[in-house]
Amino acid sequence: MTRVMLVSVLALSLSGCAAVFSKHPVGNRAVPQPAKSVELNRYLGRWFELARYEQGFQKDCEGVTADYALRDDGKISVTNRCRKPDGKISDANGKAKIVDTATNAKLKVSFFGPFYGDYWVLDRAEDYSWAIIGEPSGRYLWILSREATPGKVQVDTLIARAGALGYDTAMIRVTQQP
């Protein structure tokens, strides 16, 4: 009897987890796919975060930047930086690898040893002045720009583009840049 109860509890627990993790914030739409290929050398460099889906690891972060540089081993170094409310700067250093070499738009990023998460460049400007980043689950979204403060019209246009990709714009938090 105990074994049957244990199996039942495990089955219910796993099905509950599946329900939580299968919920896609972009609704019933298909997972957004990258709209354009990425020329890696043009994508490298400094980006300013204009807006994001709020995440625990970015709690109370403003003035967020992301710096990408090519490493000797062919991977990409990633340095994310933010300013906390007390004025202190917080850095997160990681690495990325391209997983779709046909487009260079799908990468995996790691900040914790062997654990990698998806990082997809879903859309970008022709001149690489902005980019919209997400991943298959739809739980993460970042809107990046080469300018720290490109103006409200540009930010609103990019948020609308994220909405057109299927993201819930009510969940988007605009990042304050100095």
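Rules of the game
- Residues numbered from 1 in each chain as written.
- Predicted model: local features only at pLDDT ≥ 70, side-chain atom pairs only at ≥ 80, totals over all residues.
- Heavy atoms only, no water.
- Helix = DSSP H or I, 4+ residues; strand = E, 2+ residues; numbered from the N terminus.
- Buried < 20%, exposed > 50% of the residue type's maximum accessible area, 1.4 Å probe, protein only.
- Contact = heavy atoms within 4.5 Å.
- Areas by Shrake-Rupley, 256 points an atom, 1.4 Å probe, with all protein chains shown as cover.
- Phe/Tyr/Trp six-rings, centres within 6.5 Å; stacked < 30°, edge-to-face > 60°.
- Lys NZ or Arg CZ within 6 Å of the ring centre and 35° of its normal.
- Pairing = 2+ DSSP bridges.
- Polar contact = N/O pair within 3.5 Å; in protein donor to acceptor, adjacent residues only side chain to side chain.

J.: So what about the overall build of the protein chain? Which residues, and what values?
T.: For the protein chain, the count of helices and strands is three helices and nine strands. Reading the protein chain from its N end, one meets helices and strands in the order α-α-β-β-β-β-β-β-β-β-α-β. When each of the 178 residues of the protein chain is scored for burial, the buried share is 37%. For the protein chain, the share of sequence-separated contacts (at least 6 apart) that also reach a separation of at least 24 residues comes to 51%. About 10200 Å² of surface is accessible on the protein chain, with carbon and sulfur atoms providing 58% of the total.

J.: Before we move on, could you go through the packing of aromatic side chains and cite the residues and values that matter?
T.: Under the criterion given, the structure shown has five aromatic pairs. Where Y53 meets Y167, the ring centres are 5.7 Å apart and the plane angle is 70°; that geometry is what we call edge-to-face. Of this pair, Y53 sits in strand β1 (residues 45-53) while Y167 is found in the loop between α3 (152-164) and β9 (172-174), placing the two residues 114 residues apart along the sequence. Neither Y53 nor Y167 differs from the other in exposure class; each is buried. Judged by centre distance (6.0 Å) and plane angle (65°), the ring pair of Y68 and Y119 falls under edge-to-face. Residue Y68 is located in strand β2 (residues 62-70), and its partner Y119 is located in strand β6 (residues 115-124); the two are separated by 51 residues in the primary sequence. A single burial state applies to Y68 and to Y119, both of which are buried. Taken together, Y43, W47, Y68 and Y119 form an aromatic cluster joined through their ring pairs. Directly above the ring of Y116 sits K97, whose terminal nitrogen or CZ lies 4.1 Å from the centroid. Just above the ring of W47 sits the side chain of R146; from NZ or CZ to the centre is 3.8 Å.

J.: Break down unusual backbone geometry for me, citing the residues and quoting the values.
T.: Its identity as a non-glycine residue notwithstanding, D60 has a phi of 60°, on the positive side. Within the chain, N104 stands out as a residue other than glycine whose phi angle is a positive 60°. Secondary-structure assignment places N104 in the loop between β4 (89-98) and β5 (106-112).

J.: So what's going on with the pairing of strand β7 (residues 130-134)? Residues and values would help.
T.: The buried fraction of β7 amounts to five of the five residues, a majority that puts the element mostly inside the structure. Going residue by residue along β7, you find W130, I132 and G134 tucked away on one face and A131 and I133 tucked away on the opposite face as well. Two strands pair when backbone bridges link them, and β6 and β7 are joined in this way by four bridges, in the antiparallel orientation. Residue W120 lies in a different strand from β7, and its bridge partner there is G134. Where β6 hands over to β7, the hairpin turn is made up of five residues, of which Y128 adopts a positive phi near 60°. Pairing between β7 and strand β8 (residues 141-145): five bridges, direction antiparallel. Its bridge partner being in β8, W130 is matched across the sheet by S145. Joining the antiparallel neighbours β7 and β8 is a turn of six residues, in which G138 adopts a positive phi near 80°.

J.: I'd like to hear about the side chain of E49, residue by residue, with values.
T.: Looking at the secondary structure, you find E49 in strand β1. At 2.4 Å, the side chain of E49 forms a polar contact with the side chain of R52. Setting aside anything within four residues of it in sequence, one finds E49 in contact with Q58, V64, W142, I143, L144, T175 and Q177.

J.: Help me get a handle on the side chain of S145, residues and values and all.
T.: Mapping S145 onto the fold places it in strand β8. S145 gets classed as buried once you look at its relative accessible area, which sits at 3%. A polar atom in the side chain of S145 sits 3.5 Å from the backbone oxygen of S129. In contact with S145, other than residues within four places in its own chain, are W47, F48, L50, S129, W130 and P150.

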